[in-house]
Amino acid sequence: DQQVKQNSPSLSVQEGRISILNCDYTNSMFDYFLWYKKYPAEGPTFLISISSIKDKNEDGRFTVFLNKSAKHLSLHIVPSQPGDSAVYFCAAPVTSGGSYIPTFGRGTSLIVHP
Amino acid sequence: KAGVTQTPRYLIKTRGQQVTLSCSPISGHRSVSWYQQTPGQGLQFLFEYFSETQRNKGNFPGRFSGRQFSNSRSEMNVSTLELGDSALYLCASSSQGEVGYGYTFGSGTRLTVV
């Protein structure tokens, strides 16, 4: 049973426009969320995170919004650039045995057209 | 500093064979986690090793096993390979099992079972 869901497998956006990637979760105990970006033939790299005590976190062109009541978060990229074309994973860590184990969504493939 | 190194990058095996994949973490990192990435399922957690002990385990059959050495290098083994084991296998290392900036992925090993 997927606790973190990314329902859009792909998204196509024009360069300069806003990209909005969505993520839903089912476990109300999640209190921290992360976004990872993955290029082909590379491992995922950490992009941005948000704690459940906040509803927004911004880092340059990337902003993550959290709506706890809806169990929904979104990643906004403004303006989108061709180099942003990648697969984006939403993740929520669960604590276990002294570690944080991220539970990942299935990813959204973003294509930014020049 | 050097990143997470996974070897080999590509591997083709026959159904029924076994395979061993290697992961060298970032120097000083003691936690190594393994993931399976397939197009339909996204990143799924296999197991985590910390100081040579398996600390967490995902929901995979016993054909998937791993170990960690005293220098923190880790190996995972898959026995009696099935066609469905074809995937990208990623490892990630961290200092203590934290996520976010301190959680670094390798580029993965692409396993194809024929």
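What you see is a predicted model, and the numbers here were worked out from it, not measured in a lab.

Considerations on the state of the cysteines
Thinking step 1. On inspection of all chains with the given rule, the structure shows two disulfides over all chains.
Thinking step 2. What pairs with C23 of chain A in a disulfide is C90 of chain A, and their sulfur atoms sit 2.1 Å apart. What sets the handedness of the C23 of chain A and C90 of chain A disulfide is the S-S torsion sign, and at about -75° it is left-handed. Pair noted here: C23 of chain A is in strand β3 (residues 19-25) and C90 of chain A is in strand β9 (residues 86-96), with a separation of 67 residues, a long-range link.
Thinking step 3. C23 of chain A gets classed as buried once you look at its relative accessible area, which sits at 0%.
Thinking step 4. Paired by a disulfide, C23 of chain B and C91 of chain B hold their sulfur atoms 1.9 Å apart. The sign of the 75° torsion about the S-S bond sets the C23 of chain B-C91 of chain B disulfide as right-handed. On the criterion of sequence distance, the pair formed by C23 of chain B in strand β3 (residues 19-24) and C91 of chain B in strand β9 (residues 87-94) is long-range, its members being 68 residues apart.

Side note on a nonpolar patch on the surface
Thinking step 1. Taken together, the side chains of I18, I20 and V78 of chain A define a hydrophobic patch exposed on the protein surface, amounting to about 220 Å² of accessible area.
Thinking step 2. Turning to its location among the elements, I20 of chain A is positioned in strand β3.

Things to note about the side chain of S19 of chain A
Residues and elements named next belong to chain A.
Thinking step 1. Among the secondary structure elements, S19 is positioned in strand β3.
Thinking step 2. Since its relative accessible area comes to 0%, S19 is described here as buried.
Thinking step 3. Among the polar contacts listed, one links the side chain of S19 to the side chain of S80, at a separation of 2.6 Å.

Here we look at the packing of aromatic side chains
Thinking step 1. What the rule picks out here adds up to 14 aromatic pairs over all chains.
Thinking step 2. With a centroid separation of 5.8 Å and an interplanar angle of 85°, the aromatic rings of Y36 of chain A and F105 of chain B are classed as edge-to-face. Residue Y36 of chain A is found in strand β4 (residues 32-38), and its partner F105 of chain B is found in strand β10 (residues 104-105); the two belong to separate chains. There is no split in this pair, since Y36 of chain A and F105 of chain B are both buried.
Thinking step 3. Between F104 of chain A and Y35 of chain B, the aromatic rings sit 5.6 Å apart at their centres with planes inclined by 90°, giving edge-to-face as the arrangement. Of this pair, F104 of chain A sits in strand β10 (residues 99-104) while Y35 of chain B sits in strand β4 (residues 31-38), placing the two residues on different chains. In this pair, the class of F104 of chain A matches that of Y35 of chain B, namely buried.
Thinking step 4. Members of the aromatic cluster, each reached through a chain of ring pairs, are Y36, F46, F89 and F104 of chain A together with Y35, F45, Y103 and F105 of chain B.
Thinking step 5. Over the face of the ring belonging to F50 of chain B we find R55 of chain B, whose NZ or CZ atom lies 4.0 Å from the ring centre.

What counts and how
- Residues numbered from 1 in each chain as written.
- Chains lettered and ligands numbered in written order.
- Predicted model: local features only at pLDDT ≥ 70, side-chain atom pairs only at ≥ 80, totals over all residues.
- Heavy atoms only, no water.
- Disulfide = S-S within 2.5 Å.
- Helix = DSSP H or I, 4+ residues; strand = E, 2+ residues; numbered from the N terminus.
- Buried < 20%, exposed > 50% of the residue type's maximum accessible area, 1.4 Å probe, protein only.
- Patch = residues over 30% accessible without salt bridge, like charges linked within 9 Å, V, L, I, M, F, W, Y side chains within 5 Å.
- Areas by Shrake-Rupley, 256 points an atom, 1.4 Å probe, with all protein chains shown as cover.
- Salt bridge = Lys/Arg side-chain N within 4 Å of Asp/Glu carboxyl O.
- Polar contact = N/O pair within 3.5 Å; in protein donor to acceptor, adjacent residues only side chain to side chain.
- Phe/Tyr/Trp six-rings, centres within 6.5 Å; stacked < 30°, edge-to-face > 60°.
- Lys NZ or Arg CZ within 6 Å of the ring centre and 35° of its normal.

Limitation: the analysis is restricted to geometry and does not speak to function.
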